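Structural overview
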Amino acid sequence: MQLPSPDELKQKRIDLGLTQSDLAKRAGVSQPLIARIEAGDVDPRLSTLRKIIEVFNDIEREDIYLRDIMNRELISVSPDESIDAAVHIMEKYNISQIPVIQDGISVGSLSEDMIVRSMTDKKTSVVSHMKIGDIMGDSFPTLSPNTDVKTASYMLEKNPAVLILEKGQVTGVVTKYDILKLLSE
């Protein structure tokens, strides 16, 4: 991995619309240090360079909205389907939780954990024929497609997914995995 040159750091700062003072404040360093780094007068510590790059990355992420990363092919189940049907769908798509949707509206969620918990009290054959509505949990939270990724990240700390709601209808989903994929882009 190649470290950015002073000119590249300066250009990146300018491209992101930051002043030297803004960058310094966000990175927790002084503005004169930023000026000296950009002028090539001083070689920054690796920890300082890391702080500067983290600020750049944070600002770039602020410009990403859920509409840019949401999965529009919503995989869901209805509350009237059997647990067995849900398990097959979850296996097919390799997912551990699934929204429960009825007439385009989120009415609950189902996870592997919920299914396993229901099996502690009942026989497997009984659970597989139960309706999803009998064991489903609360709906995933909903957000607008115009919500920034940072806001969604806070919600995903406590929820496995957020549903994207447009005109009262669920049109997509964003999971923790979708946010993590941003790190590799």
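This one's a predicted model, so the numbers in the text were calculated from it and none came from an experiment.

Another point: helix H7 (residues 112-121). Note on helix geometry: an α-helix contains 3.6 residues per turn, so any two residues three or four positions apart are oriented the same way. Met114, Ile115 and Ser118 are the residues of H7 that are buried. Projected onto a plane normal to the axis of H7, the buried residues spread over an arc of 100 degrees and lie on a single side. Every exposed residue of H7 that faces more than 90 degrees away from the buried side is listed here: Asp113, Val116, Arg117 and Thr120. Buried positions along H7 lie against helix H6 (83-93), strand S2 (105-111), helix H8 (124-129) and helix H9 (132-135).

Along the chain, the position of Ser111 falls in strand S2. Owing to a relative accessible area of 14%, Ser111 belongs among the buried residues under this scheme. What Ser111 contacts, discounting residues up to four positions off in sequence, is Met90, Ser96 and Gln97.

Taken over all residues, the pLDDT of the protein has a mean of 91, while the share at 70 or more is 98%. Within the protein, H8 has the poorest average pLDDT of any element, 84, and H6 the best, 96.

Below, the discussion takes up a negative patch on the surface. Taken together, the side chains of Asp84, Glu91, Glu112 and Asp113 present a region of like negative charge at the surface. Elements supplying a minimum of two residues to the negative patch: H6 and H7. When you line up the elements, Asp113 lands in helix H7.

Quick notes on the rules
Residues numbered from 1 in each chain as written. Predicted model: local features only at pLDDT ≥ 70, side-chain atom pairs only at ≥ 80, totals over all residues. Heavy atoms only, no water. Buried < 20%, exposed > 50% of the residue type's maximum accessible area, 1.4 Å probe, protein only. Helix = DSSP H or I, 4+ residues; strand = E, 2+ residues; numbered from the N terminus. Arc of directions from axis to C-beta. Contact = heavy atoms within 4.5 Å. pLDDT = per-residue confidence, 0-100. Patch = residues over 30% accessible without salt bridge, like charges linked within 9 Å, V, L, I, M, F, W, Y side chains within 5 Å. Areas by Shrake-Rupley, 256 points an atom, 1.4 Å probe, with all protein chains shown as cover. Salt bridge = Lys/Arg side-chain N within 4 Å of Asp/Glu carboxyl O. Lys, Arg positive; Asp, Glu negative; His and termini not counted. Charge placed at Lys NZ, Arg CZ, Asp CG, Glu CD.

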